[in-house]
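# Inside the fold
Here is how the chains run, residue by residue.
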Amino acid sequence: MNPKPPTILKCLLLPLFLSLPLFLFLLQTPSTATLRHRQPPAGIRIRPGYTSYATYINRQLNKTQNPKLRRIWRTRDWDRKVRVFSQFFQLSPPLVVEGDFHAQPFGDGTFDFEFSNVFDHALYPEKFAREIERTLRPGGVCALHVAVSRRADKYSANDVFGGVEAVVGLFKGSEVVYTRKVDGFGLDTEIVFRKKKKGG
């Protein structure tokens with residue numbers, strides 16, 4: 001039996017995007033260099049078609065302008081999504097800040113807790129993981145909802161085909177608290193990490 005997640009007093013709901021890439025923190029472009037020669041992390045496949053960071057940004061922003069998706073976001077399904085996440089984070093209002101989740105606009109050790117359900121949208125999974133660890137305080141907790149048993153949505157930038165271990169391997173300065181199966185709107189696994197304390 002998996003232990004229950006720890007109670008965290010200070011929360012960062014960054015990124016809590018409800019799978020809406022409008023909040024993907026992608027408005028600051030770190031690089032427009034081509035991606036063809038970049039080696040992805042073991043067990044994670046970067047999807048084809050992203051020849052530069054600019055093409056990645058454009059594809060993600062395109063999702064927010066899709067009339068069909070905008071209609072879906074106004075339906076009961078979207079309301080259900082909001083209710084589910086509201087139950088997870090009853091004591092903390094959402095925080096949305098413009099930026100890039102590959103380069104969070106926060107100082108080192110800022111947060112006790114970070115949550116993300118958009119790992120599959122990271123074009124640079126290593127940077128995504130490093131930024132979470134950088135902005136967590138020692139002993140801080142990160143919870144990720146990821147798809148490891150199925151392909152994520154068509155706007156995803158990566159697919160995890162190496163199981164939970166592929167994601168865990170990116171978090172060099174953290175230890176796994178627990179993993180469990182979840183029904184996360186296409187995401188099937190929750191992985192909770194705790195950042196190691198200095199000297200620990």
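Our subject is the structure that appears above.
Presented here is an overview of the structure given in this document. Being a predicted model, the structure only gives us computed values, none of them experimental.

Below, the discussion takes up the pattern of salt bridges. For the coordinates displayed, the defined rule picks out five salt bridges. Note that Arg47 is salt-bridged to Asp159, the shortest N-O span being 2.7 Å. You can see Arg47 sitting in the loop between strand E1 (44–46) and helix H1 (53–64) and its partner Asp159 sitting in strand E4 (residues 158–160), a full 112 residues away along the chain. For Arg47, a relative accessible area of 7% gives the class buried. Owing to a relative accessible area of 12%, Asp159 belongs among the buried residues under this scheme. Bridged by salt links that share partners, the residues Asp108, Glu131 and Arg134 form one connected network.

Overall, the coordinates contain seven aromatic pairs when judged by the stated rule. Measuring from centroid to centroid gives 4.9 Å for Phe106 and Phe111, while their planes differ by 80°, and the two rings are edge-to-face. Both residues of the pair, Phe106 and Phe111, belong to the buried class. Summarising the aromatic geometry, the rings of Phe119 and Phe128 are spaced 5.5 Å apart at their centres and angled 80° between planes, so their arrangement reads as edge-to-face. Judged by its relative accessible area of 1%, Phe128 falls in the buried class. The positively charged end of Arg45 is found above the aromatic ring belonging to Phe161, 4.3 Å away from the centroid. In this structure, Arg59 packs its charged tip against the face of Tyr155, placed 5.0 Å from the ring centre.

Extensive coverage of strand E2 (residues 111–116) is indicated by the burial of six of its six residues. Pairing analysis gives five bridges linking E2 to strand E3 (residues 136–146), with the strands arranged parallel. Residue pairing across strands places Ser116 opposite Leu144, the latter belonging to E3. A crossover links E2 with its parallel partner E3, the connecting element being helix H4 (residues 125–135), and its sense is right-handed.

Pairing within the open sheet is mixed, and its four strands lie in the order E2-E3-E6-E5. Of all strands in the sheet, those bounded by a partner on one side alone are E2 and strand E5 (174–184). Along the sheet, successive strands turn relative to each other by an average axial angle of 15°, direction set aside. Judged from the eight bridges that link them, E5 and strand E6 (residues 187–195) form a sheet pairing that is antiparallel. Each bridged residue has a counterpart across the sheet, and for Lys181 the counterpart in E6 is Thr189. Along the sheet, H4 makes contact with E2, E3, E5 and E6, crossing E3 at roughly 145°.

Checked against the element boundaries, Leu170 lands in the loop between helix H5 (164–168) and E5. The sequence separation of Leu170 and Ala129 amounts to 41 residues, and the corresponding C-alpha distance is 6.1 Å. The contacts of Leu170, once residues within four sequence positions are left out, are Pro41, Ile44, Phe119, Pro125, Glu126, Ala129 and Glu133.

The biggest cluster of nonpolar side chains holds 28 residues, and the ones touching the most others in it are Tyr56, Phe119, Leu123, Leu144, Val167 and Phe171. Listed by contribution, the elements that provide at least two residues to this core are E1, H1, H4, E3, H5 and E6. Top element by residues in this core is E3. It accounts for four residues. Counting seven residues, the second largest nonpolar core, distinct from the first, contains Phe113, Val141, Tyr178 and Val192.

Rules of the game
- Along every chain, residues carry numbers that run from 1 in the direction the sequence is written.
- Per-residue local features are limited, in this predicted model, to residues with pLDDT of at least 70; the limit for side-chain atom pairs, both in listing and counting, is 80 or more; totals at the level of whole chains, interfaces and linings are taken over all residues.
- The basis for every side-chain value is the complete set of non-hydrogen atoms in the structure, without hydrogens or water.
- Within this document, salt bridges are pairs made up of a side-chain nitrogen of Lys or Arg and a carboxyl oxygen of Asp or Glu, the two lying within 4 Å of each other.
- Helical segments are the DSSP runs of H or I of at least four residues, strand segments are the runs of E of at least two, and each set is numbered from the N terminus.
- When accessible area is computed with a 1.4 Å probe and restricted to protein chains, residues below 20% of their type maximum are described as buried, those above 50% as exposed, and intermediate ones as partly exposed.
- The criterion for an aromatic pair is that two Phe, Tyr or Trp rings (for Trp, the six-membered ring) have centres within 6.5 Å, with stacked assigned to planes under 30 degrees apart, edge-to-face to planes over 60 apart and tilted to the rest.
- When the NZ atom of lysine or the CZ atom of arginine is within 6 Å of a ring's centre and also within 35 degrees of its normal, the charge is said to sit over that ring.
- When DSSP finds two or more bridges between a pair of strands, those strands are recorded as paired.
- The crossover handedness rule: strands pointing away from the viewer, path from first strand over the helix to second strand clockwise, crossover right-handed.
- Here, axes are lines fitted to C-alpha atoms. For helices the fit covers the stretch in contact, and angles between N-to-C directions go from 0 to 180 degrees.
- The contact criterion used throughout is that any non-hydrogen atoms of two residues lie within 4.5 Å.
- The criterion is simple. A nonpolar core is a set of buried Ala, Val, Leu, Ile, Met, Phe, Trp, Tyr and Cys residues joined through side-chain atoms within 4.5 Å.

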